[in-house]
Amino acid sequence: MGSSSSNMNSIPDGQQLLQETGFSAAHIVRLYERFEFLDKDNTGHLRPEDLETVPDLDKNPIGARIIGAFFPRGKETLDFGSFVRILAHFRPADSNRARDGAQQEPANSTTGKLRFAFQLYDQDGDGKISRDELLQVLRSMLGLQVTEEQLQCIAERAIQEADADKDDAISFDEFRKSLEKVDIDHKMSISFLR
């Protein structure tokens, strides 16, 4: 771990990122190496095009939405700190990590992971997943495997099953409730030291 500690000194806000994200020094160093690799222009910032070169995102049917989640509305570049904070959503949950009442919930908590997933669907940022937003995701994921009529039926059923307040959309609380039986931590965790 000695080399990780010595390299941490050259990473912008490295110590702060350790505290905020729960990543180890080795993880932060490895993520910094990946960030530098993606930063082909050596600007210290990534653009959406840089993330499009990641093979797993390139093959993912909702890869463009995932990439979009790294760039808040109106922001065209991403610095290393923001990169790490977003990737923290995919860090396996750490049940041993204590937090006091003043700290916000960690990004890698079940709620943090669900909020991240929710925003992939809620493209207009209104706090609801509309039928059209759900259809866009279904089209991306299922493509030509099913007909438009089948997609409409899937979206309709999903809305009906999750929409407790009958407003024809899915709120975050409804989204969370509909995924209660899904192991979100497992499905939204990545090993960072590969």
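Everything that follows concerns the structure shown earlier in this document.
Remember, it's a predicted structure, so these values are computed and weren't measured experimentally.

1. What to know about the packing of aromatic side chains
Turning to step 1, where the next piece is worked out: Tallied over the entire structure, the rule returns nine aromatic pairs.
Turning to step 2, where the next piece is worked out: Judged by centre distance (6.4 Å) and plane angle (35°), the ring pair of phenylalanine 80 and phenylalanine 83 falls under tilted. Here phenylalanine 80 pairs with phenylalanine 83, and both are found in helix α7 (residues 80-87), just three residues apart, close to one helical turn. An identical accessibility class is assigned to phenylalanine 80 and phenylalanine 83; each is buried.
Turning to step 3, where the next piece is worked out: Among the aromatic residues, those joined into a cluster by ring pairs are Tyr32, Phe35, Phe70, Phe80 and Phe83.
Turning to step 4, where the next piece is worked out: The ring of phenylalanine 37 carries lysine 40 above its face, with NZ or CZ at 3.8 Å from the centroid.

2. Topic: the layout of surface pockets
Turning to step 1, where the next piece is worked out: Space inside the largest pocket adds up to approximately 1,100 Å³.
Turning to step 2, where the next piece is worked out: Lining the largest pocket are 34 residues, and of these Leu57, Asn60, Ile66, Phe90 and Ile190 lie nearest its centre.
Turning to step 3, where the next piece is worked out: Every element with two or more residues in the lining of the largest pocket is listed here: α3 (25-38), α5 (55-59), α7, α8 (110-121) and α12 (184-187).
Turning to step 4, where the next piece is worked out: Per element, the largest residue contribution to the lining of the largest pocket is five residues, and it comes from α8.
Turning to step 5, where the next piece is worked out: Here the residues of the lining of the largest pocket sort into 26 nonpolar, four polar and four charged.

3. What about unusual backbone geometry?
Trans peptide bonds make up most of the peptide bonds, and negative phi angles are found at most residues other than glycine.
Turning to step 1, where the next piece is worked out: With phi around 55°, asparagine 42 is a residue other than glycine that occupies positive phi space.
Turning to step 2, where the next piece is worked out: With respect to the helices and strands, the residue asparagine 42 is situated in the loop between α3 and β1 (45-46).
Turning to step 3, where the next piece is worked out: We classify asparagine 42 as exposed; its relative accessible area is 67%.
Turning to step 4, where the next piece is worked out: Phi at lysine 166 takes a positive value of approximately 55°, unusual for a residue other than glycine.
Turning to step 5, where the next piece is worked out: Note that lysine 166 resides in the loop between α10 (148-162) and β4 (169-171).

4. Structural notes on the packing of helix α9 (residues 131-142) against α10
The axes of two packed helices give the description: the angle between them and the distance between them.
Turning to step 1, where the next piece is worked out: At a minimum axis separation of 9 Å, α9 and α10 run at an interaxial angle of 130°. Classed by the angle they form, the pair α9 and α10 counts as oblique. α9 and α10 meet at a crossing whose hand is right-handed. Of the residues in α10, those touching α9 at Arg131, Leu134, Leu135, Leu138, Arg139 and Leu142 are Glu148, Leu151, Gln152, Ile154, Ala155, Glu156, Ala158 and Ile159.

5. Some thoughts on the environment of threonine 21
Turning to step 1, where the next piece is worked out: Here threonine 21 is to be found in helix α2 (residues 14-21).
Turning to step 2, where the next piece is worked out: Judged by relative accessible area, threonine 21 falls into the buried class, the value being 4%.
Turning to step 3, where the next piece is worked out: C-alpha separation for the pair threonine 21 and alanine 107, spaced 86 residues apart in sequence, amounts to 7.4 Å.
Turning to step 4, where the next piece is worked out: Among the polar contacts listed, one links the side chain of threonine 21 to the backbone nitrogen of phenylalanine 23, at a separation of 3.2 Å.

6. Describing the pattern of salt bridges
Turning to step 1, where the next piece is worked out: For the structure on display, the rule yields 14 salt bridges.
Turning to step 2, where the next piece is worked out: A salt bridge links glutamate 20 to arginine 85, with the nearest nitrogen and oxygen atoms 2.5 Å apart. Taken together, the residues glutamate 20 in helix α2 and arginine 85 in helix α7 connect sequence positions 65 residues apart.
Turning to step 3, where the next piece is worked out: According to the relative accessible area criterion, glutamate 20 is partly exposed, its value standing at 37%.
Turning to step 4, where the next piece is worked out: Of the charged contacts in the structure, one is a salt bridge between arginine 47 and aspartate 50, with a shortest N-O distance of 3.1 Å.
Turning to step 5, where the next piece is worked out: Given the relative accessible area of 32%, arginine 47 is considered partly exposed.
Turning to step 6, where the next piece is worked out: It is possible to trace a salt-bridge network through shared partners that takes in Asp41, Arg47, Glu49 and Asp50.

About the cut-offs
Residues numbered from 1 in each chain as written. Predicted model: local features only at pLDDT ≥ 70, side-chain atom pairs only at ≥ 80, totals over all residues. Heavy atoms only, no water. Phe/Tyr/Trp six-rings, centres within 6.5 Å; stacked < 30°, edge-to-face > 60°. Helix = DSSP H or I, 4+ residues; strand = E, 2+ residues; numbered from the N terminus. Buried < 20%, exposed > 50% of the residue type's maximum accessible area, 1.4 Å probe, protein only. Lys NZ or Arg CZ within 6 Å of the ring centre and 35° of its normal. 1 Å grid on protein atoms, 1.4 Å probe; cavity = no way out; pocket = protein on both sides within 12 Å on 5 of 7 lines; lining within 4 Å. Points joined across faces, edges and corners; volume = space filled by probe spheres on them. Nonpolar A, V, L, I, M, F, W, Y, C, P; charged D, E, K, R; others polar. Axes fitted to C-alpha atoms, helices over the stretch in contact; angles between N-to-C directions. Parallel < 35°, antiparallel > 145°, perpendicular 65-115°, else oblique. Left-handed = near helix turned anticlockwise from the far one by under 90°. Contact = heavy atoms within 4.5 Å. Polar contact = N/O pair within 3.5 Å; in protein donor to acceptor, adjacent residues only side chain to side chain. Salt bridge = Lys/Arg side-chain N within 4 Å of Asp/Glu carboxyl O.

All quantities given are derived from atomic positions and should not be read as evidence of function.
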